Amino acid sequence: MTTLTPSRAQARQSEPALTAVRRKRSRVAFVFIAPFFVLFLVATILPILYALYLSLFQEHASGLGFSGGPTTVFTGLANFVTVVTDATYWQGYLHVAVYAVIAVPLLLVGGIVIALLLDSAFARARRAFQLGIFIPYVVPGIIAALIWLYLYTPQVSPITHFLESFHITINLFGTVWTYPTLANITIWEFLGYNIVLYYASLQAIPRDTIEAAMIDGAGQFRMAVSIKLPLIKATVGLTALFTAIGAMQLFSEPLMLSTGGSSSITQTWTPNLYAYTAAFTKSNYGVAAAASLILAAIAALLSVALTRYAKPQVDE
Amino acid sequence: MAATALAACSSGAASSAATHAPTLNPSETYNITYWSWTKGSQEAVNAFNAAHPKIHVTFEQIPSGSSGGYAKLQDAFKAGNGPDVFNVEYPELPEFVASGQVADITDYMTAKERDMYLPQAIDLTTLGGKNWAVPYDLGVQVLYYRSDLFTKYGLEVPKTWAQFRSDAEKLKTADPGVYMSNYVVDDPATLAALAWQAGAQWFGTSGDSWKVDFTDAQSMKVASFWQSMISDGLVAKVPSNGQGQIADWANGKVLTNISASWEAAYIPGTLPKQAGKWAAVPMPSFTGDAASGMNGGSSYAISKASKNKAADFEFAQWMTTQTKAIEPRVTGGGSSPYLSNANAESVAKKNFTSTYYGTQDLYKVFAASAAGLKHWTWGPTMTGTNTAMSDAAKGLTDGSITVDGVLKAGQADAIKEMKAMHLSVQ
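Residues numbered from 1 in each chain as written. Chains lettered and ligands numbered in written order. Predicted model: local features only at pLDDT ≥ 70, side-chain atom pairs only at ≥ 80, totals over all residues. Heavy atoms only, no water.

**Thoughts on the interface of chain B and chain A**
For clarity, the cut-off: Only heavy atoms matter for contacts: two residues are in contact if any of them lie within 4.5 Å across the pair. Buried area: the sum, over both parts, of the accessible surface (1.4 Å probe) that disappears when the two are put together. Note on definitions: salt bridges are taken to be side-chain nitrogens of Lys or Arg within 4 Å of carboxyl oxygens of Asp or Glu. N or O atoms closer than or at 3.5 Å make up a polar contact, with two conditions inside protein: a donor-capable atom paired with an acceptor-capable one, and, for residues adjacent in sequence, both atoms drawn from side chains.
In this complex, chain B contributes 44 residues to the contact, which on the side of chain A involves 35 residues. Counting the surface chain B buries against chain A, the share from its top three residues, B:Lys78, B:Gln243 and B:Lys394, is 18%. Our count for the chain B to chain A interface comes out at 2 salt bridges. The salt bridge involving A:Lys282 is made with B:Asp413; its shortest N-O contact spans 3.4 Å. Applying the counting rule to chain B against chain A returns 11 residue pairs in polar contact (both at pLDDT 80 or more).

**A short note on the confidence of the model for chain B**
All names here are of chain B. Stated precisely, the cut-off is as follows: Per-residue confidence from the predictor is reported as pLDDT, a score between 0 and 100.
Within chain B, residue pLDDT values average 92, and 95% of them lie at 70 or more. Note on residues 1-19: pLDDT under 50 across the span, and 20 contacts to partners over four residues away in sequence or across chains. The ipTM, which scores confidence in the relative placement of chains, is 0.87 for this predicted complex, and the corresponding pTM is 0.88.

**Quick word on the nonpolar core**
We apply this condition: As used here, the term nonpolar core means buried Ala, Val, Leu, Ile, Met, Phe, Trp, Tyr and Cys residues forming a set that is joined through side-chain atoms within 4.5 Å. For every residue, the accessible area (1.4 Å probe, protein chains only) is compared with the maximum for its type, and the residue is labelled buried under 20%, exposed over 50%, or partly exposed between those bounds.
Ranked by size, the top nonpolar core spans 136 residues in total, and within it B:Trp202, B:Trp226 and B:Phe315 carry the most contacts. Excluding its chain neighbours within four sequence positions, the residues that come into contact with B:Trp202 are B:Leu191, B:Ala192, B:Ala195, B:Lys211, B:Val212, B:Asp213, B:Phe214, B:Ser219, B:Trp376, B:Met389 and B:Leu407. Grouped together as the second largest cluster of nonpolar side chains are 40 residues, A:Ala103, A:Leu191, A:Tyr198 and A:Tyr199 included.

**Observations regarding the pairing of strand β8 (residues 141-146) of chain B**
All names here are of chain B. Heads up, the condition is: Strands are runs of DSSP state E lasting at least two residues, helices are runs of H or I lasting at least four, and both sets are numbered from the N terminus onward. The rule for pairing is simple: two strands pair if DSSP sees at least two bridges between them.
For β8, a buried count of 6 out of 6 residues is recorded, marking the element as mostly surrounded by other parts of the structure. The alternating pattern of β8 places Gln 141, Leu 143 and Tyr 145 on one face and Val 142, Tyr 144 and Arg 146 on the opposite face, and all of these are buried. Two strands pair when backbone bridges link them, and β8 and strand β12 (residues 278-282) are joined in this way by 5 bridges, in the antiparallel orientation. By the bridge assignment for β12, Leu 143 is matched with Val 281.

**As for the side chain of A:Ser55**
Residue and element names in this part refer to chain A. Tracing the backbone through its elements, the reader meets Ser 55 in the loop between α1 (8-54) and β1 (57-60). At 2.7 Å, the side chain of Ser 55 and the backbone oxygen of Leu 52 are in polar contact. Not counting residues up to four positions away in its chain, the partners in contact with Ser 55 are Gly 76, Asn 79, Phe 80, Gly 286, Ala 289, Ala 290 and Leu 293.

**Considering the sheet that holds strand β11 (residues 256-260) of chain B**
All names here are of chain B. The line we're drawing: Throughout, an axis means a line fitted to C-alpha atoms (over the contacting stretch in the case of helices), and angles, computed between N-to-C directions, take values from 0 to 180 degrees.
Judged by pairing direction, the sheet is antiparallel, and its 3 strands sit side by side in the order β11-β8-β12 without closing on themselves. Both edges of this open sheet fall to β11 and β12, since each of them pairs with a single strand only. Taking the axes of each pair of neighbouring strands and ignoring which way they run, one obtains an average angle of 30° across the sheet. Relative to β11, β8 runs antiparallel, the two being bridged by 5 bridges.

**A word on helix α17 (residues 382-392) of chain B**
Summarising burial for α17(B): 10 of the 11 residues are buried, a large majority. Buried residues along α17(B) sit in contact with α12 (271-280) of chain A together with α3 (69-79), α4 (93-98), α9 (188-197), β9 (203-206) and α18 (403-420) of chain B.

**Notes on helix α10 (residues 217-231) of chain B**
All names here are of chain B. Definition in use: A helix is expected to span 1.5 Å multiplied by its residue count minus one.
Helix length check: α10, at 15 residues, gives a terminal C-alpha distance of 20 Å against a target of 21 Å (1.5 Å per residue), a fit within 8%. The set of residues buried in α10 consists of Ser 219, Val 222, Ala 223, Phe 225, Trp 226, Gln 227, Met 229 and Ile 230. The secondary structure elements touched by the buried residues of α10 are α8 (161-174), α9, β11 and α18. Just beyond α10, the residue with positive phi is Gly 233, at close to 70°.

**Looking at unusual backbone geometry**
Residue and element names in this part refer to chain B. Look at Val 184: it is not a glycine, yet its phi comes out positive at around 65°. Here Val 184 lies in the loop between α8 and α9. Positive phi is not limited to glycine here, since His 422 has a value of about 65°. Inspection of the secondary structure puts His 422 in the segment after α18. Its relative accessible area of 45% is what places His 422 among the partly exposed residues.

Here it is as structure tokens:
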């Protein structure tokens, strides 16, 4: 690319004009991105501030509690102390951690493998596969959990009946199957999303690179592992972040399984469920707000850590 | 009708609202909102609107209380747009009162008013010496069973829990895989009702303080009965309130449904292919005498924020006592409430018809059960405590908890929540 460099005199002349153009451009840009920031403020920032406010208060009554209703009392960090000293809350993180160790690698590795297969020369009917893999992502989480709930309920499930014909009795609601059954639902839901992202970034790899590799004698497998995979590291890093945060926020699947008959998933099984139960079962909004804020803080720390770790590879 | 109740109160909205209840102005039209999940509500509301040109009720259907209805009500009240009148079951009423959402209707519930309802019902809606709701129905315990399969297996209809157990043992040898019941006590409402039936008292008040004891002798008797049923493999390993339980009923793998009077209207919808196969008897007891706790049963509460309390009370009273309120609900078997008002109960008894149950007189069964209804007090934490017990009961499936452990978990949660609210607990 060649550019004509203006002489100093010409440059001095055009500077005010350039600034004016820049100012006009940024004003136009601002108008376009303002709606996002307005919505972001109203739907994300303000609720967080309200939650912070709620977390500082408690409802106190006295005696039997029937004389008129509770008073709202400022209690500072008392709700945070309640949450932090509650063993059930921290067990929620343990559950989520074990679940993440199982589900996140499967979601990432499985997604990469399938995306690379789709992109390779062996693939046929690419569009059909892509569509089929992506459809579960379109199904809302609660519906997905309900579908799998029916498939797990021993008395109703065709899977159980099929296994019984081979004299294998498995109780998919049992404690042993807790993590596999949960991971199964979320992998079914989100694998398609990861694959679409990986496939898109694989398509962005310039054809010259692929052709050069082919000329150098690389087979499909070698190409996938040594050429394509390193070039999509940024996308992998991004999906790793999304998947990890999604794992931390696990909510609708354990909720459906818990109320649907699971023998091991209680209604406070994940940190999000803990906050949900505090708010909508116990009407204790202060504790719910505190629990949610702590979860948000931990998720933010995790994101920062992951981004720092992924950064060196992104810059390459 | 309404005039007698209102005449007892002095008129004039200007007088202090604390001691004098507002009265209906005959020239004004009132618009009130009513939220409920109870069966037949829309029909009854239509009848009320037709009979009352000056009061118009707008009905909104909400999910059943424990499935999100109560959460919806609490959220709406917090947001300031809750309904004027709503249904609340007796276990959850103290919680709503303690959170300041319910209007004190002591001034409306004069002695004459209170006499219109069964004393146990009034008892359950009187908290801290004040009246908080108008009783509608009582969920007296009923044992529903598959009469055809009882005949097939030669089982006797149990009058005592010992007979229930011997039926279960007989089934185990006759046809393993078929059971009398599932865990039953993993449902906290049923566990409470069975403890109630046995004469337990989980909550009591001593002056201005609560007393909480889920592990008294009678509760432990119930716990050890059901624990031995579970440990000896006499119950179907399927949790309550799930699709698995319905499938077991549908496939004839579980022969009884341990529930209450209102369940009769739900069974035909859940198990449509079993018409004529289900029968009802009063719940077996430890002694064989009539004894019943309550599982469910709802009342009409008026929200504290309501601006039309006189109209609300008029509506609540009408819905719980008048013939035209009950007829559309029970005819055809759409609803089977055991009502706390004598007139309403006789209307329900006369008009409840259901081809599903054949010639059985279900209301005779309800009345027999109610004859043994015992005293009980609910504490102000039941939605949270029920969840704690339901979560703890999940361990019953693999034996990691026993039934008395579930009771202890419930007690611990109730005390914890009451202390968090700074109530006095002994």
